[in-house]
Amino acid sequence: MREIFAKDITAAVARLCVEANRELPPSLEKRVEAAVRQEDSPIAKPVMEDLCRNLQAARELEIPICQDTGMAVVFAEVGQEVHINGGFEQAVNDGVSQGYVDGLLRCSVVADPLRRTNTGDNTPAILHVRLVPGDKLRLTVAPKGFGSENMSRLRMFTPAAREEDLVNFAAETVKLAGGNPCPPVVLGVGIGGDFELCAKLAKQALCRDVDTPHADPYYAGLEAKMLAAVNATGVGPQGFGGRVTALAVNIETYPTHIAGLPVAVNVGCHVTRHKSVEL
């Protein structure tokens, strides 16, 4: 049994909150840069150039890429041979609090969905915990802005739905969103499970490296079809039209009931942020 102290979890989460908000994953930043070369519209190309300059400025000035520093979504893979010395959930929330307050990140969480008083430190986080073999603890912090989150959709398809229906659902979601989620977007698509699990799968999909296609060639092909369909909408960078409406589509799947086919599309903006560490 390996012991991990709560204070070390707090320090790791605090650091991840700050780092994730200041720098994109390298593979996603390369997609943003590549989009500049792909665009030939006199409006869309300068917009993509501005987005690249923004990424560089955030790095040089050590400030957030976006003013919406997001609600902290934390995925934790806890080894079954790990003993956490102290309260785990409290340690995570303490880390979010430290990261957002000390890191001067915007605090955007309200304590009650209808009686909307800001908590002042961006807590509580949304925490997903999974037990896995081994003696390690892997933490992923994914700050999620709500300009894109608000554009996400879930549909309970029937098993009669065709692959084409799923592709059209993804494209329709982006078309309806227009410029609201700050395109070019990244789409996380969850397929299967049940009502709540497919939404979680979609969020997990946003945390997968955009250069890593689905392990199953069939779903990797579906990712490519969805990406092509979304880019064919012509929404373009920031909704001004153009060739690049989406940078990537990632799909995650899970077995489901014989009578259902849940599909969730979680929309991420061009700064779909996440950072991981293993303790």
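Now for a description of the structure that goes with this document. (Residues numbered from 1 in each chain as written. Predicted model: local features only at pLDDT ≥ 70, side-chain atom pairs only at ≥ 80, totals over all residues. Heavy atoms only, no water.)

## Quick word on the packing of helix α1 (residues 6–22) against helix α4 (residues 88–102)
Helix-helix packing is described using two parameters, namely the angle between the two axes and the distance between the axes.
So, point 1. Their axes nearest at 7 Å, the elements α1 and α4 cross at an angle of 40°. The angle between the axes of α1 and α4 places the two elements in the oblique class. Read as a crossing pair, α1 and α4 show a hand that is right-handed. Taking contact as the criterion, the partners of A6, I9, T10, V13, A14, C17, V18 and N21 in α1 are, on α4, F88, A91, V92, D94, G95, V96, Q98, G99 and Y100.
So, point 2. Residue composition of the contact of α1 with α4, grouped by class: eleven nonpolar, five polar and one charged. (Axes fitted to C-alpha atoms, helices over the stretch in contact; angles between N-to-C directions. Helix = DSSP H or I, 4+ residues; strand = E, 2+ residues; numbered from the N terminus. Parallel < 35°, antiparallel > 145°, perpendicular 65-115°, else oblique. Left-handed = near helix turned anticlockwise from the far one by under 90°. Contact = heavy atoms within 4.5 Å. Nonpolar A, V, L, I, M, F, W, Y, C, P; charged D, E, K, R; others polar.)

## Quick word on the side chain of N250
So, point 1. Relative to the elements of secondary structure, N250 occurs in strand β8 (residues 246–256).
So, point 2. Overall, the relative accessible area of 2% leaves N250 in the buried class.
So, point 3. Polar side-chain contacts of N250 include one of 3.0 Å to the backbone oxygen of A205.
So, point 4. Discounting chain neighbours no more than four positions away, the residues touching N250 are L187, G188, V189, A205, R208, D209, V210 and E223. (Buried < 20%, exposed > 50% of the residue type's maximum accessible area, 1.4 Å probe, protein only. Polar contact = N/O pair within 3.5 Å; in protein donor to acceptor, adjacent residues only side chain to side chain.)

## A look at the sheet that holds strand β9 (residues 261–268)
So, point 1. One open sheet holds the four strands; their spatial order is β6-β9-β7-β8, and the pairing between them is mixed. With one partner strand each, in any of the chains shown, β6 (153–157) and β8 form the two edges of the open sheet. Neighbour to neighbour, the strand axes of the sheet diverge by 15° on average, direction disregarded.
So, point 2. Two elements, β6 and β9, share five bridges in a ladder whose sense is antiparallel. Residue pairing across strands places L154 opposite A264, the latter belonging to β9.
So, point 3. Against the sheet, helix α7 (residues 195–206) makes contact with β6, β7 (185–193), β8 and β9, and its axis sits at roughly 145° relative to β7, the strand it touches most. (Pairing = 2+ DSSP bridges.)

## What to know about unusual backbone geometry
So, point 1. Residue P124 follows T123 across a cis peptide bond; omega there is 0°.
So, point 2. Along the chain, P124 turns up in the loop between α4 and β4 (126–132).
So, point 3. Along the chain, P183 connects to P184 via a cis peptide bond; the corresponding omega equals 10°.
So, point 4. Locating P184 in the fold gives a position in the loop between α6 (163–177) and β7.
So, point 5. Despite not being glycine, E62 shows a phi value in the positive range, around 55°.
So, point 6. Take E62: it is sitting in the loop between α3 (44–61) and β2 (71–79).
So, point 7. Classification of E62 as exposed rests on a relative accessible area of 53%.

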